[in-house]
Amino acid sequence: MLSCMKINGELLKKVLDSRPIYSLLRNYSHNVEDILHLDGSGEENYNFKEKYRVLDEKDYARFFSKRSLKREPALTRALTSMVYKIGKQMISLAEGMPNEGIFPFDRMQMTMKNGNKLVLEENELAMALQYLPSQGLPSLLKLLREFQEDLHRPPSLDRDVLITNGAQHGIYQCIDMLVDPGDPVITTEYTFTGYNSALRPYDPEVLRIPEDEDGLIPETLESVLEERLSRGLKMPRVLYLIPTGNNPTGTIIPAARRRKIYELACRYDFLIIEDDPYAFLNYSNVKPPSFLSMDQCGRVIRLDSVSKVVCAGLRGAWMTAPAPLIERAERHSQAELLHPCTLSQVIIQRLLSERSDLAAHIHSARSFYEQRCGALGDALRGLSHLAQWSRPKAGLFYWLRLQGVSDVYNMTFRTALEHGLMLCPGQAFQYDHSAPSQHLRLTFTRIKLEDIDTAVRRLADVIDIEQKLELERLPQRRATER
C-alpha cells in the first residue's frame, strides 16, 4: 500500500510539474511551405546570450504584477489535466465533468471551400464538447509546439504554448500578469485599440515611441530609456508592438531594427509582447525574422491568431513564451474562463495539421487582400492634395494624415455619416481618446471593389467640407485666444 502511494505521489508530481521543453529538440521539418517561415533568411547570427544573461525562473518573478503573484493553481483544474494525461488507468470519483452521454450531438460536419470535409463523430466529437485543461487541448498543444518550431526556429530555451481565446485574450493576460497600476509601459505612438482598452484600468504611464516608414524608431526608444534611467525614474517592464503590419500604420519593422529593439530589451530589462496577427499578410519582398526567432535570452512573449487569415469567430489564438510565463498565464486562464472553446480548438487542430492546404489558403488570403490594398491605393491618388499616407507594407489598413483638419472626430461621427460614409478616427489608436487627431484609418477588407472609387470620392467631399468648416472656426479661435 505504501509503495502504491509513493508511486501515485510521484505520478501526481510529474503530472503537475512537468513542462515540455520543445525548443531543446532541433529536429526541424523541411516540408513547410515558404510562406510558413517567419525566421528570416536563416543566415543571421545573433550573439545576445554572449553579452546578456539568459533569464531563469527566478528572474521572471520581478516582472509579475502583484495581482498575478497572488494567483495559485486551481486544484480542480489540475485534476482535469490529470484526466487527459493519465487516461482511463484509474477509477475516478474526482473530476466534475459532465457525462458525454448527455451531449445532444452525434455527428458534426463542415465542408471546406476546397471540397474537403471536416467530420467529427463518436469519441472525437465527445472530446470536442468536453472540458479541457486550461492550457489547451493536449494534441493541439503538441501540434503548435511543432508548428512554432518550424515557423520560427527559435533558439534553444524552455518555452511552451498556451491556447488563448483570441489574441485579445492574450493581450489582456499579459497586461494583468505584468502591469501594476501606475507602471510605465512602452508601445508605439499609435497602436491597436484593444491594447489601450486593456491598459486603461491600470492607469499606466504610457511611453509612446514614434514610428517612421519602418516602424518603431529604436534610437528614440533608447533615448527615452536612457533619460529615465539617468533621472532615477521607474523603468518599464513591458514593450508591446505589432512588428508586421502595425494596426493602424501598416509598417513592418526591418530585421536590423528588430535586433536593436531586442538588444534594448536585454540592456534595459524589459519583456517584448510580439503581437503578430498580420504576419502572413506581408505584401513586401522582405520577411524579417520574428522576435521569437531571435529570443536567446527569454524575453519574448509571442501572440499568434488565425483571425485575419482563417476566420475571426473561432477565436483561435495562442501564446508562445518562456515556460515560467506560460505557467503563470495558465493560472489566469483558470480563473478567467477555465479554457477556450474545445470545439474551436479541435477545428483549429484539423486546419493546422494540413500544412500544404493551410499554406495554399494563406497564399489565397494574402493575394485577396493585396488586390484590395492596391485598388484602394489607386483610388486614393486623387486625394494627394487633401491627405498624406504611405502604402501599407502589410496588414489591412491605410493610415491617412489629413491636411487642413486639426481634429477628425466631428468629421467622422457627423459629416461623414451624413454623406453615407463610415470612417475610423485616429483617436481609436491613441491612449488618450480625448486628444485631437488628424488621422484616419481606412480598411479595405470588406468593401466591394466596385464601391472603392465611390467611397474615396465621398471621402474627398467630406474632407473638403471639414476644411471649410475649419476655416470658418479659425477667426473665432483667434478671437478667443486674445
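Since the structure is predicted, the reported quantities are computational estimates derived from the model, not experimental observations.

Novice: I would appreciate a short explanation of the packing of aromatic side chains in the present structure.
Specialist: Two numbers describe a pair of aromatic rings. These are the distance of the centres and the angle of the planes. Throughout the structure, instances matching the rule amount to 10 aromatic pairs. Ring geometry for phenylalanine 147 against tryptophan 318: centres 6.3 Å apart, planes inclined by 80°, an arrangement best described as edge-to-face. In this pair, phenylalanine 147 is assigned in helix α6 (residues 138-152) and tryptophan 318 in strand β11 (residues 316-322), connecting sequence segments 171 residues apart. You'll find phenylalanine 147 and tryptophan 318 in the same group, each marked buried. Considering the side-chain rings of tyrosine 278 and phenylalanine 397, the 6.0 Å spacing of their centres and the 85° angle between planes classify their relative orientation as edge-to-face. Residue tyrosine 278 is found in the loop between β9 (271-275) and β10 (300-305), and its partner phenylalanine 397 is found in strand β13 (residues 397-402); the two are separated by 119 residues along the sequence. Aromatic rings pair up to connect Tyr190, Trp399 and Phe429 into one cluster. The ring of phenylalanine 64 has arginine 328 lying over it, and the distance from NZ or CZ to the ring centre is 4.9 Å.

Novice: Mind showing me how you'd approach the pattern of salt bridges here?
Specialist: Pairs can form between side chains of opposite charge whenever their charged atoms are close. The tally for this structure, following the rule as stated, stands at 28 salt bridges. A salt bridge links arginine 53 to aspartate 59, with the nearest nitrogen and oxygen atoms 2.5 Å apart. On the basis of relative accessible area, arginine 53 is assigned to the partly exposed category, the value being 48%. Looking at aspartate 59, the relative accessible area reads 10%, which means it is buried.

Novice: Sorry, what's going on with the environment of valine 346 here?
Specialist: Considering the arrangement of structural elements, one finds valine 346 in helix α12 (residues 342-353). Taking the C-alpha atoms as reference points, valine 346 and serine 139, separated by 207 residues in sequence, lie 8.9 Å from one another. Those residues in contact with valine 346, other than ones at most four positions away along the chain, are Leu120, Glu124, Met127, Ala128 and Leu137.

Novice: What am I meant to see in the packing of helix α9 (residues 218-231) against helix α10 (residues 255-268) here?
Specialist: A pair of packed helices can be characterised by two numbers: the angle between their axes and the separation between those axes. It is the contact of α9 with α10, at a shortest axis distance of 10 Å, that shows an interaxial angle of 15°. The pairing of α9 with α10 is recorded here as roughly parallel in orientation. Crossing angle aside, the handedness with which α9 passes α10 is left-handed. Here α9 contributes Pro218, Leu221, Glu222, Leu225, Glu226 and Leu229 to the contact with α10, which in turn contributes Arg257, Lys260, Ile261, Leu264, Arg267 and Tyr268. In terms of residue class, the contact of α9 with α10 is made up of seven nonpolar, no polar and five charged.

Novice: Looking at this structure, how should I read the nonpolar core?
Specialist: Side chains of nonpolar character tend, in soluble globular proteins, to be buried together. Counting residues in each nonpolar core, the largest one holds 92 residues, and the members touching the most others are Ile301, Leu380, Leu402, Leu442 and Leu459. Grouped together as the second largest cluster of nonpolar side chains are 26 residues, Phe48, Leu207, Leu221 and Tyr262 included.

Novice: Can you help me understand the confidence of the model for the protein chain in this one?
Specialist: Reading predicted coordinates in detail is not appropriate for stretches of low pLDDT. Averaged over all residues, the pLDDT of the protein chain is 87; the fraction at 70 or higher stands at 85%. Under a pLDDT of 50 for its full length, residues 1-32 has, in the predicted model, 52 contacts with residues more than four places off or in other chains.

Novice: I would appreciate a short explanation of the pairing of β10 in the present structure.
Specialist: Residues in a regular strand point their side chains to alternate faces of the sheet. The buried fraction of β10 is high, at six of six residues. Going residue by residue along β10, you find Val300, Arg302 and Asp304 tucked away on one face and Ile301, Leu303 and Ser305 tucked away on the opposite face as well. Taken together, the four bridges between β9 and β10 define a ladder with parallel strand orientation. Its bridge partner being in β10, isoleucine 273 is matched across the sheet by isoleucine 301. Bridging between β10 and β11 involves four bridges; their strand directions are antiparallel. Across the sheet, the residue bridging to serine 305 is alanine 317, located in β11.

Rules used in this analysis
- Residues numbered from 1 in each chain as written.
- Predicted model: local features only at pLDDT ≥ 70, side-chain atom pairs only at ≥ 80, totals over all residues.
- Heavy atoms only, no water.
- Phe/Tyr/Trp six-rings, centres within 6.5 Å; stacked < 30°, edge-to-face > 60°.
- Helix = DSSP H or I, 4+ residues; strand = E, 2+ residues; numbered from the N terminus.
- Buried < 20%, exposed > 50% of the residue type's maximum accessible area, 1.4 Å probe, protein only.
- Lys NZ or Arg CZ within 6 Å of the ring centre and 35° of its normal.
- Salt bridge = Lys/Arg side-chain N within 4 Å of Asp/Glu carboxyl O.
- Contact = heavy atoms within 4.5 Å.
- Axes fitted to C-alpha atoms, helices over the stretch in contact; angles between N-to-C directions.
- Parallel < 35°, antiparallel > 145°, perpendicular 65-115°, else oblique.
- Left-handed = near helix turned anticlockwise from the far one by under 90°.
- Nonpolar A, V, L, I, M, F, W, Y, C, P; charged D, E, K, R; others polar.
- Core = buried A, V, L, I, M, F, W, Y, C linked by side-chain atoms within 4.5 Å.
- pLDDT = per-residue confidence, 0-100.
- Pairing = 2+ DSSP bridges.

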